[in-house]
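Next come the chains, spelled out residue by residue.
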Amino acid sequence: MTIDWSIIFDNPTHTFVIAEAGSNWKIGTYDEDVKQAKELIHTAAKYGADAIKFQTYRSEKVYAKNAGKSKYLKNQGIDTNINEIFDKFSMPYKMIPELSDFCKKENINFMSTPFSVEDAKQIDQFVAIHKVASYEINHIRLLEFLATTGKPILLSTGASTYDEIDFAVKLLQKKNVKKIGILQCTAKYPADIKILNLNVISNFKKKYQLPVGFSDHSLDPIIGPIMAVGLGATFIEKHFTLNKNLPGPDHSFALEPNDLELMIKTIRDADLAKGSGKKEILKDEQELHRFATRSIQAIKSIKKGDIFQEGINFEILRPGEQIRGLDARFLAKIEGKKALNDIDVGNGITDSI
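Residues numbered from 1 in each chain as written. Predicted model: local features only at pLDDT ≥ 70, side-chain atom pairs only at ≥ 80, totals over all residues. Heavy atoms only, no water.

We now examine the packing of aromatic side chains. Centre-to-centre distance and the angle between the planes together describe a pair of aromatic rings. Summed over the entire model, instances satisfying the criterion amount to 10 aromatic pairs. Relative to F253, the ring of Y189 lies with its centre 5.5 Å away and its plane at 50°, an arrangement referred to as tilted. Here Y189 is found in the loop between β6 (180–185) and α9 (200–208), whereas its partner F253 is found in the loop between β8 (235–239) and α11 (257–274), with 64 residues between them in sequence. Assigned by exposure class, Y189 and F253 land together as buried. Aromatic ring contacts, followed pair by pair, group Y57, Y63, F86 and F115 into a single cluster. (Phe/Tyr/Trp six-rings, centres within 6.5 Å; stacked < 30°, edge-to-face > 60°. Helix = DSSP H or I, 4+ residues; strand = E, 2+ residues; numbered from the N terminus. Buried < 20%, exposed > 50% of the residue type's maximum accessible area, 1.4 Å probe, protein only.)

The computed volume of the largest pocket comes to approximately 750 Å³. If you trace the largest pocket, you find 37 residues lining it, with Q55, F86, F115, Y135 and Y189 closest to the centre. Of all the elements in the fold, those that place two or more residues in the lining of the largest pocket are β2 (51–56), α3 (71–75), α4 (82–88) and β8. Looking at the lining of the largest pocket, the element that brings in the most residues is α4, giving 3 residues. A per-class count over the lining of the largest pocket returns 18 nonpolar, 11 polar and 8 charged. (1 Å grid on protein atoms, 1.4 Å probe; cavity = no way out; pocket = protein on both sides within 12 Å on 5 of 7 lines; lining within 4 Å. Points joined across faces, edges and corners; volume = space filled by probe spheres on them. Nonpolar A, V, L, I, M, F, W, Y, C, P; charged D, E, K, R; others polar.)

Within the structure shown, the criterion is met by 18 salt bridges. A salt bridge links K265 to D269, with the shortest nitrogen-to-oxygen separation between them at 3.0 Å. Of this pair, K265 and D269 both sit in helix α11, 4 residues apart, which is roughly one turn of the helix. Accessibility expressed as a relative area gives 38% for D269, which makes it partly exposed. Between R268 and D271 there is a salt bridge, with its nearest N and O atoms 3.5 Å apart. A residue pair is termed a helical-turn pair when its members lie 3 or 4 positions apart in one helix, as R268 and D271 do in helix α11 at 3 residues. What makes D271 buried here is its relative accessible area of 5%. (Salt bridge = Lys/Arg side-chain N within 4 Å of Asp/Glu carboxyl O.)

Position of D216 relative to the elements: it lies in strand β7 (residues 212–216). Side-chain polar atoms of D216 contact the side chain of S218, separated by 2.8 Å. Among the polar contacts made by the side chain of D216, one reaches the side chain of K238 at a distance of 2.4 Å. (Polar contact = N/O pair within 3.5 Å; in protein donor to acceptor, adjacent residues only side chain to side chain.)

Put into structure tokens, the structure is as follows:
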């Protein structure tokens, strides 16, 4: 699929939805994993996501040896060394082209987040946009390499400060990256609604003058994404799974297919509701604008030469099906003037009468 980049970065009427598969493709043997990944791709495409995103990493390029256990994973019942977890859920490089080809058949964009320069080199030929994970925002070598690809780059900003975001943005801009997007993100899995901090989206737009999005780790399929769209987000990222009860670190806070469908439908409706931003009388408003907006109407028969007097022979009224008079804003043009023609009761008074 050929991406129209204006849809992502320049078109406020279309929110770019990234269905984040994360590690939710991993269920067993290589063949089982491929089948699961393809079912995730099919599901994301079926419900209207613009892209599906996986992750590409190797444990030895992410964590130090014997890095220990994560408390958040322990809370999910995963009491395993983080190095072992990353080894287990590391997508084989040979799977990437097969999934990319399947995405083309399903008419959805293939994305994968690289966690190292080596990973980025493996995925670069298969993606049209690069995504930097929150914990990689200070990964100088990765940012430098991604800048050389000439492709748009999305930066997640979970657990980061303005200083850290400034560093990444300035580095990419110095390397002449033409398209950069910033995603508000709360690095908690799942993230409670009260810590989404979505007002950051407006601040990002003002501070960086760049497109802004939202990477959502909350459980609710509607509140975070719709609030983000309302605040100006032009891309939304959300984890999804085929079944929340499957084993693995990313299933518990991910949307199941029905909620993914609901989220995307709601986002598309929100896109329609935003409109053009130009305040004008819409075609659908024209009939009632003429029928119900106040105008200057005769409350008794007026003869040629009579003096127009508010409350005596005219009032500011809604005209309905009567001849519409001058808009009520222009009362001063009528008050105290002489009628140039006879006017039947109910009809409007205009400056041409």
